[in-house]
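# Coordinate inspection notes
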Amino acid sequence: MLRGFTNTLNSSQLQAGETQLRVENIQLNFGGVAALMDINLAVRQSEILAIIGPNGAGKTSLLNCISGLYRPQRGRILFYNDKEHEVTRLKPHQIARLGIARSFQNIELFRHMSVLDNLLAGAHIHMRSNLFSSLIYWGTAQREHIRFRRFVEDIIDLLEIESIRNNTVGSLSYGLQKRVEMGRALAMQPSILLLDEPMAGMNSEEKEDMARFILDINEEHGVTIVLIEHDMGVVMDISDRIVVLNFGQKIGEGTPDEVRNNPLVVKAYLGEEKSPFKFGQSNNNNHGKE
Amino acid sequence: MISGIFHSSYEKDMALRRTHAQKIRLVILFLFLLAFPFIFRENRYYLTLANQVGIAIIGAIGLNILVGYTGQISLGQGGFMAVGAYTAGILTARLGMPWWASTIAACFATALVGVLFGIPSLRLKGLYLAIATLSAQVIILWIVTNWGAVTGGVEALVVPNPTLFGVRLNSDFNFYWVTWLLVLLVTIATVNLFRTHYGRAFIAIRDQDIAASVMGVDLFKYKLLAFAISSFLVGLAGALTAHYRSIVTWERFTVDVSVLYLAMIIIGGLGSVTGSFLGATFMTLLPALLTNLGRAARGTFPAIDSLLPFIQQGTFGLVIILFLIFEPEGLNKIWRNIKDYFRLWPFSY
């Protein structure tokens, strides 16, 4: 069933292709260990950008810098919406309010809440009713609540989780929890959606579903997507551009074809001059470095 | 899971009571509370207990908002109640403020003190926060006992009887209506709070604080808000104690009280308003029940008089241990199981 969204899922005001997020010379150290070294990258409106790299390359650290959980020692991160915002020194909740949503590598849902409440919690930044009207749940608070319930139902439709909307998320399967977590991020009506390994630990059917949802969100609603993923098949299929990290450095960037033929990338993954991206065969053992 | 019930609007689906059984249970409870003071009008003992239970419920709901819903462990309950009781008592006894005005002032004063002692919660979690709130308990009681010029120090502070239109309110029968009307208001407000984004933000902080901050919840603001709302209600419980007893002494607000209230919400059920009701009722009635049993057994075991305090303390500890082992989710879970059983009765599933 097709129907229009009551609230658009996308709060960005940019045209497709305009630069939306710019990471400039980011340096992040943990003690003496450099997690990110001089990283530069730009994310454009409405694209799907994949960040790949071997384990420990700094992918999640980069996402954490963008969403404000880590503070890089050097460099800055700029976010463009109505105007230029420097987000490097902002707190996570301030960054969220600008329209940057994310999911986590290890599911970080609100375990004791129902699916509905998790999604409604995702829409937190859009709720305006004051404390007093919330306490009596009358007038604005109630109307607002019902409006957001309708909005959240649209996300439930989109992600096909109708049958579990009243379940406690702690009791759901791993694949469904990942889906709910993406839904919670979507309820923020984000400009950019950062997905940290949305398909980790899923079987191929669940991965296909997830890939379809990501493409729907991107194509129908124009939400920019930055995703970290290890499954090369999925990455090559759905992303517009790919950034490759290795030991905290950016070693490649470009379209899937360019990255596939980049000798540095091939070396990082295989240690030899041979394409790692052969589909139909397991590439789990390709992550080892020589 | 309730099945076979269909709603045709989100408004109905989001209502608090959605089935006939739920509505009927509520009406029965309501009628019982209305009839109670008339049934026991001549029996002051039961009315006193009812008032104590009502005040304990308000305090337990307050603590549950902070500990059960927001996940910020607090051992400062007794101290915060002391702030409420002494503010109300001092304003009425020394400044001649009417009881209702001093009660409102006490709520806000306690909320302010709660926020002050909630500030460490941004950095501290779990046991460390528990110790920080314990310091609130110690500091507040120290001030109360040492600032004799205002609080009366270790002496009792006598509060004038509250009156409304010339009627003395703190008789057991009259105060019942004050207490339980406030219980009703507090319950409605709390239940509503957790239907809206404020309450969800609290639960989000408890379940996953990092995810909550990435969803746009300002952790500092909402933790302090939880401390404020919680302390507001705890202050209300304290102020009611002051006006009901007409006397405020520091012994009523020691760390034992903090532990007692924690026990109430653990036994009742963390993160549940119903649990706060059940826990507060249970923990208030248990000592009374034991005392009565002791009196009844006096004839058979004359030694029981001297043993009774130990039996009470022992039972208190035993009950907590048994609940932690056998039903960590508390009385609220037992109550849910009973409801589920009868919903499906006579079938087993």
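Scope of this entry: the structure provided in the associated data block.

Conventions and cut-offs
Residues numbered from 1 in each chain as written. Chains lettered and ligands numbered in written order. Predicted model: local features only at pLDDT ≥ 70, side-chain atom pairs only at ≥ 80, totals over all residues. Heavy atoms only, no water. Helix = DSSP H or I, 4+ residues; strand = E, 2+ residues; numbered from the N terminus. Rg over C-alpha atoms; globule rule 2.2 N^0.38 Å. Buried < 20%, exposed > 50% of the residue type's maximum accessible area, 1.4 Å probe, protein only. Contact = heavy atoms within 4.5 Å. Areas by Shrake-Rupley, 256 points an atom, 1.4 Å probe, with all protein chains shown as cover. Expected span 1.5 Å × (residues − 1). Buried area = accessible area lost by both parts, 1.4 Å probe. Salt bridge = Lys/Arg side-chain N within 4 Å of Asp/Glu carboxyl O. Polar contact = N/O pair within 3.5 Å; in protein donor to acceptor, adjacent residues only side chain to side chain. Pairing = 2+ DSSP bridges. Axes fitted to C-alpha atoms, helices over the stretch in contact; angles between N-to-C directions. Core = buried A, V, L, I, M, F, W, Y, C linked by side-chain atoms within 4.5 Å. Bend = angle between axes of the 7 residues up to and from the residue. Patch = residues over 30% accessible without salt bridge, like charges linked within 9 Å, V, L, I, M, F, W, Y side chains within 5 Å. Lys, Arg positive; Asp, Glu negative; His and termini not counted. Charge placed at Lys NZ, Arg CZ, Asp CG, Glu CD. Left-handed = near helix turned anticlockwise from the far one by under 90°. Nonpolar A, V, L, I, M, F, W, Y, C, P; charged D, E, K, R; others polar.

## Section: the overall build of chain A
Tallying secondary structure elements over chain A gives 10 helices and 10 strands in all. Relative to the globule expectation of 19 Å for 290 residues, the C-alpha radius of gyration of chain A, 19 Å, shows essentially globular dimensions. Seen along its three principal axes, the alpha-carbon backbone of chain A occupies a region of about 65 × 40 × 35 Å. Within chain A, buried positions represent 57% of all 290 residues.

## Section: the overall build of chain B
On a plain count of helices and strands, chain B comes out with 15 helices and four strands. Here chain B, with 349 residues, has 50% of them falling under the buried criterion. Look at the contacts in chain B between residues 6 or more apart in sequence, and 76% of them connect residues 24 or more apart. Of the roughly 17,100 Å² of accessible surface on chain B, a fraction of 70% belongs to carbon and sulfur atoms.

## Quick look at helix 4 (residues 77-95) of chain B
End to end, helix 4 of chain B covers 26 Å across 19 residues, agreeing with the expected 27 Å (1.5 Å per residue, within 8%). The buried fraction of helix 4 of chain B amounts to 16 of the 19 residues, a majority that puts the element mostly inside the structure.

## So, the interface of chain B and chain A
With 32 residues of chain B at the contact, the number on the chain A side is 39 residues. Sorting the residues of chain B by area buried against chain A places B:Tyr10, B:Arg200 and B:Met215 first, and these three jointly supply 24% of that buried surface. Across the pair B:Arg200 and A:Asp117 runs a salt bridge, and its minimum N-O distance is 3.8 Å. Inspection of the region where chain B meets chain A yields 10 residue pairs in polar contact (both at pLDDT 80 or more). At the level of elements, helix 1 (10-13), helix 8 (172-193), helix 9 (197-207), helix 10 (209-214) and helix 11 (219-245) of chain B are the ones that each hand at least two residues to the side of chain B that touches chain A.

## A few points about the sheet that holds strand 5 (residues 84-86) of chain A
Residue and element names in this part refer to chain A. Ordered in space as 2-1-4-5, the four strands form an open sheet in which the pairing is antiparallel. With one partner strand each, in any of the chains shown, strand 2 (33-44) and strand 5 form the two edges of the open sheet. Averaged over all neighbouring strand pairs, the angle between strand axes comes to 20°, with direction disregarded. Pairing of strand 4 (residues 74-80) with strand 5, which is carried by three bridges, proceeds in the antiparallel orientation. Bridge pairing in strand 5 links Leu-78 to Glu-86.

## A look at the nonpolar core
Side chains of a nonpolar character, in soluble globular proteins, are inclined to be buried together. Membership of the largest hydrophobic core comes to 146 residues, with the highest contact counts inside it found for A:Met182, A:Leu193, A:Ile214 and B:Phe202. Contact partners of A:Met182, with chain neighbours within four places excluded, come to A:Leu159, A:Leu193, A:Leu195, A:Met210, A:Phe213, A:Ile214 and A:Ile217. A:Val43, A:Cys65, A:Ile100 and A:Ile192 belong to the second largest nonpolar core, which has 28 residues in total.

## Description of the side chain of B:Thr92
All names here are of chain B. Examined against the element boundaries, Thr-92 turns out to sit in helix 4. Among the residues examined, Thr-92 registers a relative accessible area of 7% and is labelled buried. Each residue touching Thr-92, except ones within four places of it in the same chain, is listed here: Met-97, Pro-98, Trp-99, Ser-102, Val-159, Pro-160 and His-243.

## Observations concerning helix 13 (residues 273-296) of chain B
All names here are of chain B. Look at helix 13: 34 Å from first C-alpha to last across 24 residues, which is about the 34 Å you get at 1.5 Å a residue. Along its length, helix 13 shows its largest kink, about 25°, at Leu-286, and proline Pro-287 lies within four residues downstream of that point. At the N-terminal end of helix 13, a side-chain oxygen is found 3.4 Å from the backbone nitrogen of Thr-274, two or three residues along, and the residue is Ser-272.

## Digging into a positive patch on the surface
Residues A:Arg71, A:Arg89, A:Lys91 and B:Arg123 make up a contiguous surface patch of positive charge. Within the secondary structure, A:Arg89 is located in the loop between strand 5 and helix 2 (92-98). The class for A:Arg89 is partly exposed, based on a relative accessible area of 48%.

## Regarding unusual backbone geometry
Although it is not a glycine, A:Ser46 sits at a positive phi angle of roughly 70°. Within the secondary structure, A:Ser46 is located in the loop between strand 2 and strand 3 (48-52). For A:Ser46, a relative accessible area of 22% translates into the label partly exposed. Its identity as a non-glycine residue notwithstanding, B:Ser246 has a phi of 65°, on the positive side. Structurally, B:Ser246 is set in the loop between helix 11 and strand 4 (247-248).

## Focus: the sheet that holds strand 3 of chain A
All names here are of chain A. Strands sit in the order 6-7-8-3-9-10 across an open sheet of six strands; the sheet is mixed. On the outer flanks of this sheet lie strand 6 (100-102) and strand 10 (249-254), each paired with one strand and no other. Each adjacent strand pair in this sheet contributes to an overall mean axis angle of 20°, direction not counted. Against the sheet, helix 6 (residues 174-186) contacts strand 6 and strand 7 (192-196), and its axis sits at roughly 160° relative to strand 7.

## Points about the pattern of salt bridges
Scanning the model with the defined rule gives 19 salt bridges over all chains in all. Because the salt bridges share partners, they merge into one network encompassing A:Glu47, A:Arg241, A:Lys250 and A:Glu253.

## Comments concerning the packing of helix 4 of chain B against helix 5 (residues 99-118) of chain B
Residue and element names in this part refer to chain B. Where helix 4 contacts helix 5, the two axes come as close as 8 Å, and the packing angle between them is 145°. For helix 4 against helix 5, the interelement crossing comes out right-handed. Residue-level inspection shows Phe-80, Val-83, Gly-84, Thr-87, Ala-88, Leu-91 and Thr-92 of helix 4 in contact with helix 5, the latter providing Trp-99, Ser-102, Ala-105, Ala-106, Ala-109, Thr-110, Val-113, Gly-114 and Phe-117. Residues of the contact of helix 4 with helix 5, tallied by class, amount to 10 nonpolar, six polar and no charged.

## Some points on the pairing of strand 7 of chain A
Two faces make up the sheet, and in a regular strand the side chains alternate between them. Residues and elements named next belong to chain A. With five of five residues buried, strand 7 lies mostly within the body of the structure. Burial of strand 7 is two-sided: the residues Ile-192, Leu-194 and Asp-196 facing one way and the residues Leu-193 and Leu-195 facing the other way are all buried. The pairing of strand 6 with strand 7 spans three bridges and is classified as parallel. Following the sheet pairing, Arg-102 is matched in strand 7 by Leu-194. In this sheet, strand 8 (residues 224-228) lies alongside strand 7 in parallel orientation, the contact comprising five bridges. Bridge pairing links Leu-193 to Ile-225 in strand 8.

## Considerations on a nonpolar patch on the surface
All names here are of chain B. Taken together, the side chains of Val-27, Phe-30, Leu-31, Leu-34, Phe-38, Trp-177, Leu-181, Leu-184, Leu-185 and Ile-188 define a hydrophobic patch exposed on the protein surface, amounting to about 930 Å² of accessible area. Those elements that place two or more of their residues in the nonpolar patch are helix 2 (20-39) and helix 8. Relative to the assigned elements, Leu-185 resides in helix 8. Here Leu-185 falls in the partly exposed class, since its relative accessible area comes to 48%.

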